[in-house]
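# Structure at a glance
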Amino acid sequence: MRLELHKLHVKSLQFGERTNFSNGVLTVNKSELLNLISEDPLLGKNLSIELAVPGEKVRIMPVKDVIEPRWKIEGNGQVFPGMLSGVESVGSGKTLVLTGAAVVTSGKLVRFQEGIIDMSGPGAEYTPYSKTCNVVLILEPSDPEMDKHDYEQACRMAGLKAAAYLAKSCADVKADEVEAFEHSTMDNTPGLPRVGYLYMLQSQGLLHDTYLYGVDMKKILPTLLSPLEVMDGAITSGNCVSACDKNSTYSHQNNQVIANMLKRNGKDFNFVTCIVTNENVTLADKKRSSDYAIKLAAMLGLEGLVITEEGFGNPDADLIMNCWKAERLGIKTTLLTDEYAGRDGASQSLADSCPEGNACVTAGNANEVITLPPMEKVFGFANEANVIAGGWDGSLAGDGSITVELQAITGATSELGYTKLGAYTV
Amino acid sequence: MVILFTNNRIFLNRVKNLKLINLSAYDVLIDVRNSIHLGSHLLTHPLCGNLKPSQQPFRSVLLEEKKGSVDFPSLSLIEEAIAVYRSAGSLAATQNYEKVTLNDYAFIDFELMRASLEHYRVLI
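This report concerns the structure included in the present document. Keep in mind that what you see is a predicted model, and the values were worked out from it rather than measured.

## Details of the overall build of chain A
Helix and strand counts for chain A stand at 7 helices and 24 strands. For a compact globule of 426 residues, the expected C-alpha radius of gyration is about 22 Å, and chain A comes in at 21 Å, within 12% of that figure. Seen through its C-alpha atoms, chain A measures out along the principal axes to roughly 55 × 50 × 50 Å. Put simply, chain A has 426 residues, and 63% of those count as buried. When the accessible surface of chain A is summed, it comes to about 15100 Å², and 49% of that surface belongs to carbon and sulfur atoms. Looking at charge distribution, chain A has the averaged site of its 37 positive side-chain charges lying 3 Å from that of its 53 negative ones.

## Quick look at the packing of aromatic side chains
Using the criterion set out here, one finds 7 aromatic pairs over all chains in the structure. Aromatic side chains Tyr197 of chain A and Tyr199 of chain A sit 4.8 Å apart centroid to centroid with 25° between the ring planes, which places their arrangement in the stacked category. By relative accessible area, which is 0% here, Tyr199 of chain A ends up buried. An angle of 35° between the planes, with centres 6.5 Å apart, marks the rings of Tyr26 of chain B and Tyr85 of chain B as tilted. Here Tyr26 of chain B, found in helix 1 (residues 25-37), pairs with Tyr85 of chain B, found in helix 2 (residues 72-87); they are 59 residues apart in sequence, far enough to count as distant. Tyr26 of chain B gets classed as partly exposed once you look at its relative accessible area, which sits at 25%. An aromatic cluster of at least three residues, connected via ring pairs, comprises Tyr129, Tyr250 and Tyr418 of chain A. Here the basic side chain of Lys30 of chain A rests over the ring of Phe15 of chain A, its NZ or CZ set 4.8 Å away from the ring centre. Above the plane of the ring of Phe107 of chain B lies Lys148 of chain A, whose end atom (NZ or CZ) is 5.4 Å from the centre.

## Quick look at the packing of helix 6 (residues 283-299) of chain A against helix 7 (residues 314-327) of chain A
Relative placement of two packed helices is described by the angle separating their axes and the distance separating the axes. Residues and elements named next belong to chain A. Between helix 6 and helix 7, whose axes approach to 9 Å, the crossing angle comes to 35°. Remark: the crossing between helix 6 and helix 7 carries right-handed chirality. Every residue of helix 7 that contacts helix 6 at Lys286, Lys287, Ser290, Asp291 and Ile294 is listed here: Asn314, Ala317, Asp318, Met321, Asn322, Lys325 and Ala326. Class assignment for the residues of the contact of helix 6 with helix 7 results in 4 nonpolar, 3 polar and 5 charged.

## Some thoughts on the sheet that holds strand 20 (residues 332-339) of chain A
One key point about sheets: their strands pair by backbone hydrogen bonds, in either a parallel or an antiparallel sense. All names here are of chain A. Strand order in the open sheet formed by 6 strands is 16-18-13-19-20-21, with mixed pairing between adjacent strands. Of all the strands in the sheet, the pair left with one neighbour each is strand 16 (223-225) and strand 21 (360-365). Put simply, the sheet's adjacent strands are angled 20° from each other on average, direction ignored. Note that strand 20 and strand 21 share 4 bridges and pair parallel. Along strand 21, the bridge assignment pairs Leu335 with Cys360. Seen against the sheet, helix 6 touches strand 13 (194-202), strand 16, strand 18 (270-279) and strand 19 (304-308) and runs at an angle of roughly 170° to strand 18.

## Observations regarding empty space enclosed by the protein
All chains considered together, the criterion is met by 6 cavities of 30 Å³ or more. In this model, the largest cavity occupies a volume close to 240 Å³. Along the walls of the largest cavity sit 21 residues, with Phe312 and Tyr340 of chain A together with Pro53, Val84 and Ser87 of chain B positioned nearest its centre. Here the residues of the lining of the largest cavity are counted per class, giving 10 nonpolar, 8 polar and 3 charged.

## Digging into helix 5 (residues 256-264) of chain A
All names here are of chain A. Every buried residue of helix 5 is accounted for by Val257, Ile258, Ala259, Met261 and Leu262. In the core, the buried residues of helix 5 are packed alongside strand 12 (177-182), strand 13, helix 3 (227-231), strand 18, strand 19 and strand 20. Its side-chain oxygen 2.8 Å from the backbone nitrogen of Val257, Asn255 forms the N-cap of helix 5. Once helix 5 finishes, Gly266 follows within two positions and takes phi at roughly 85°, a positive value.

## Structural notes on unusual backbone geometry
The linkage connecting Met61 of chain A with the following residue, Pro62 of chain A, adopts the cis geometry, with an omega of -10°. Within the fold, Pro62 of chain A resides in strand 6 (residues 58-67). Positioned with a positive phi, Phe80 of chain A is a non-glycine residue whose angle comes to about 55°. Structurally, Phe80 of chain A can be placed in the loop between strand 7 (70-74) and strand 8 (93-99). With a relative accessible area of 0%, Phe80 of chain A lands in the buried category. One non-glycine residue, Arg121 of chain B, lies in positive phi territory at about 55°.

## Looking at the interface of chain A and chain B
Of the residues lining the interface, 42 residues belong to chain A; the matching set on chain B comes to 32 residues. At the boundary of chain A with chain B, the tally comes to 1 salt bridge. Lys148 of chain A is paired through a salt bridge with Asp104 of chain B; the nearest N and O atoms lie 3.6 Å apart. Where chain A touches chain B, the interface holds 6 residue pairs in polar contact (both at pLDDT 80 or more). Of all elements in the fold, only helix 2 (148-168), helix 6 and helix 7 of chain A reach the threshold of two or more residues within the side of chain A that touches chain B. For the side of chain A that touches chain B, the per-class residue count stands at 16 nonpolar, 16 polar and 10 charged.

## Considering the layout of surface pockets
Here the idea is plain: a probe the size of a water molecule rolls over the atoms and shows the empty space left. Each pocket or cavity is described by its volume, and for the largest pocket that value is around 680 Å³. Every residue lining the largest pocket is counted, 27 residues in all, and those nearest its centre are Gln256, Leu336, Val361, Leu416 and Gly417 of chain A. Every element with two or more residues in the lining of the largest pocket is listed here: helix 5, strand 20 and strand 21 of chain A. Of the residues forming the lining of the largest pocket, the biggest block, 5 residues, is contributed by helix 5 of chain A. A class-by-class count of the residues in the lining of the largest pocket yields 16 nonpolar, 8 polar and 3 charged. The computed volume of the second largest pocket comes to approximately 480 Å³. Along its surface, the second largest pocket is lined by 24 residues, and Lys287 and Met321 of chain A together with Pro73, Ser74 and Leu77 of chain B are the ones closest to its centre. Going through the elements one at a time, helix 6 and helix 7 of chain A together with strand 3 (41-42) and helix 2 of chain B are the ones with two or more residues in the lining of the second largest pocket.

Cut-off values and rules
- Residues numbered from 1 in each chain as written.
- Chains lettered and ligands numbered in written order.
- Predicted model: local features only at pLDDT ≥ 70, side-chain atom pairs only at ≥ 80, totals over all residues.
- Heavy atoms only, no water.
- Helix = DSSP H or I, 4+ residues; strand = E, 2+ residues; numbered from the N terminus.
- Rg over C-alpha atoms; globule rule 2.2 N^0.38 Å.
- Buried < 20%, exposed > 50% of the residue type's maximum accessible area, 1.4 Å probe, protein only.
- Areas by Shrake-Rupley, 256 points an atom, 1.4 Å probe, with all protein chains shown as cover.
- Lys, Arg positive; Asp, Glu negative; His and termini not counted.
- Charge placed at Lys NZ, Arg CZ, Asp CG, Glu CD.
- Phe/Tyr/Trp six-rings, centres within 6.5 Å; stacked < 30°, edge-to-face > 60°.
- Lys NZ or Arg CZ within 6 Å of the ring centre and 35° of its normal.
- Axes fitted to C-alpha atoms, helices over the stretch in contact; angles between N-to-C directions.
- Left-handed = near helix turned anticlockwise from the far one by under 90°.
- Contact = heavy atoms within 4.5 Å.
- Nonpolar A, V, L, I, M, F, W, Y, C, P; charged D, E, K, R; others polar.
- Pairing = 2+ DSSP bridges.
- 1 Å grid on protein atoms, 1.4 Å probe; cavity = no way out; pocket = protein on both sides within 12 Å on 5 of 7 lines; lining within 4 Å.
- Points joined across faces, edges and corners; volume = space filled by probe spheres on them.
- Polar contact = N/O pair within 3.5 Å; in protein donor to acceptor, adjacent residues only side chain to side chain.
- Salt bridge = Lys/Arg side-chain N within 4 Å of Asp/Glu carboxyl O.

This is how it looks when you write it as structure tokens:
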């Protein structure tokens, strides 16, 4: 399989008469985009679109999802299969990417649990989405009493539609850069270990769900997925609980574990495949999925497995089961997670553990407290700071500053490694 | 018998077998542990949902209630869950949620249990 990402480097945003890209500027026809998302009868009349670029004194909250605009210009299927378009397999051909741009959806679904993106100041250092040029959709339901499943879906679809629309509108522009990826499960450089990626996805219920080709992850058995399919939006996010360690659709499209494993494929190891699995609530499902995922790994002759978790608490049990079941079959594991170790970092980081889990990468402690200074503009609903995850009564001060745990910041401790926190060798 | 231990009244008349505990989420876990000591098996993870103990006032756990020897995997999971709650004790903020917020927490607690309740055919 070969996929070319045709990248347009977006450095700024503006509203204009025609949605297009030129000289680093993405121009957005506001009314056309508003009309597109307003087609959904589940969304209300007072939708709005705002633009936020890095360095501005802007706060976006509460954030539901972040999506990178992409559109397939050649090859099978279309971006976000099973959600927007057909269900054909994706991951080959050519895909246009508005690199540096993102669609951010914001709306009140429940009175807690959505994230913050600050475009400048100390909070901006913790979220990768402070460095993207953000087209912000501020959404509301057409009926305040609407079923929350319906409204959640409407918000999710609005973001995907907007992202596809923006990229499609620029499909005739020559790319600034073309990045090609090739991958075959059959490639096997002799002498190198066979390594796979076990990709754990949230599947607990409303606000905790993920979709694979449009299928609710809680209803699948673990399966194989090409790393290139992920780049075309085969996995879409339906969760934002809690904001720091929930994989946005953007972080799936730009999965750094996949990107780095592809770079080292054939050099340091053979990157055989991704195995996607779920994180259900029912214990029988956990046992079934972990058994099944590790069985697939063993059938493929894997010697090593990188495992990424999504979330904490309940999924810690899945992570640990995946770890020891692989290790006891002789498959070495490395785990990527984050921590809930208390504000002083002294508490146990995960709700579960096992002696086999002796190689673990952390994306940071979600309980660390940060004070975010007031911003000049807030896109969304600022008073939600008191009720979002990681906030508490009185989090929002009179001057507009917010004191919260990192948990409240979108992508702050991404367990896909798409984070600004890290240690670097100099 | 499949039974739901919960402190969330939203489940009243919506689940076939219910043990409603009119106390905190932590107390639900303690009652679940006591039942496991008598031989019950856990059917759902006791920490479902990605809300911190200090935020989510509700906790619901599905059990197969029976008498007999202790199921050690169940015991291990419930003890780990209780440990998470205990370590979170120092973090707990006083949450005086408005009714609408409380209702949302109750609703999400229900939604996270929905698939399991359907699976075990105890949703009315």
